[in-house]
Amino acid sequence: MTAGCNIHATAIVLGTTGFLLTGASGSGKSALALSLISQVRRRGRFAALVADDRVDLSLENGRVVARCPAAIRGLIEIRGAGIAAVDIVPACILDWAILPVKAPHDPRLPPEQERLHLQVGNGLPMIRLPVEGPLSPLDALLAILPEKLGI
């Protein structure tokens, strides 16, 4: 295990896939995490929060691992409503980064093979996921990664 870092992000698990939601404060990371978790659970599949707002990252056996700082374990912010207690898992291996994007989408198409660079490991492949409009975030994610989720 290499020395880790703490970053502003949200980490979740959908099925067996770990996601790091990244973006500026107020970009919708927590709301997107709650939406994805609840949509996956409604389909009868496993989904859980690892950490909201702050995520501890480390490199273990060549993989980026996310954990929650003890002070905020089991908590998520619902902007405008306050802090809520939720079920969590203590850690997950991260496979992808998600950047929530709102209209107008500029650029309209994301850069090819976009990656989120991290202080640990080689970073993560990045997906830009629309968070507004008629398409649910989970439907968009399933269209982008149909073979990766198994949901």
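Conventions we followed
Residues numbered from 1 in each chain as written. Predicted model: local features only at pLDDT ≥ 70, side-chain atom pairs only at ≥ 80, totals over all residues. Heavy atoms only, no water. 1 Å grid on protein atoms, 1.4 Å probe; cavity = no way out; pocket = protein on both sides within 12 Å on 5 of 7 lines; lining within 4 Å. Points joined across faces, edges and corners; volume = space filled by probe spheres on them. Helix = DSSP H or I, 4+ residues; strand = E, 2+ residues; numbered from the N terminus. Nonpolar A, V, L, I, M, F, W, Y, C, P; charged D, E, K, R; others polar.

In the annotation of an unreviewed UniProt entry, the protein is listed under the name Serine kinase and assigned to Sinorhizobium alkalisoli.

**Brief notes about the layout of surface pockets**
To find leftover empty space, one rolls a probe the size of a water molecule over the atoms. Considered as a void within the structure, the largest pocket measures approximately 380 Å³ in volume. Every element with two or more residues in the lining of the largest pocket is listed here: β10 (96–101) and β12 (124–130). In terms of residue class, the lining of the largest pocket is built from 13 nonpolar, two polar and five charged. Of the voids in this model, the second largest pocket is the one considered here, and its volume is about 220 Å³. If you trace the second largest pocket, you find 15 residues lining it, with Gly28, Lys29, Ser30, Glu77 and Arg79 closest to the centre. At the level of secondary structure, the elements contributing two or more residues to the lining of the second largest pocket comprise α1 (29–42) and β7 (75–78). With four residues, the top contributor of residues to the lining of the second largest pocket is α1. For the lining of the second largest pocket, the residue count by class is three nonpolar, seven polar and five charged.

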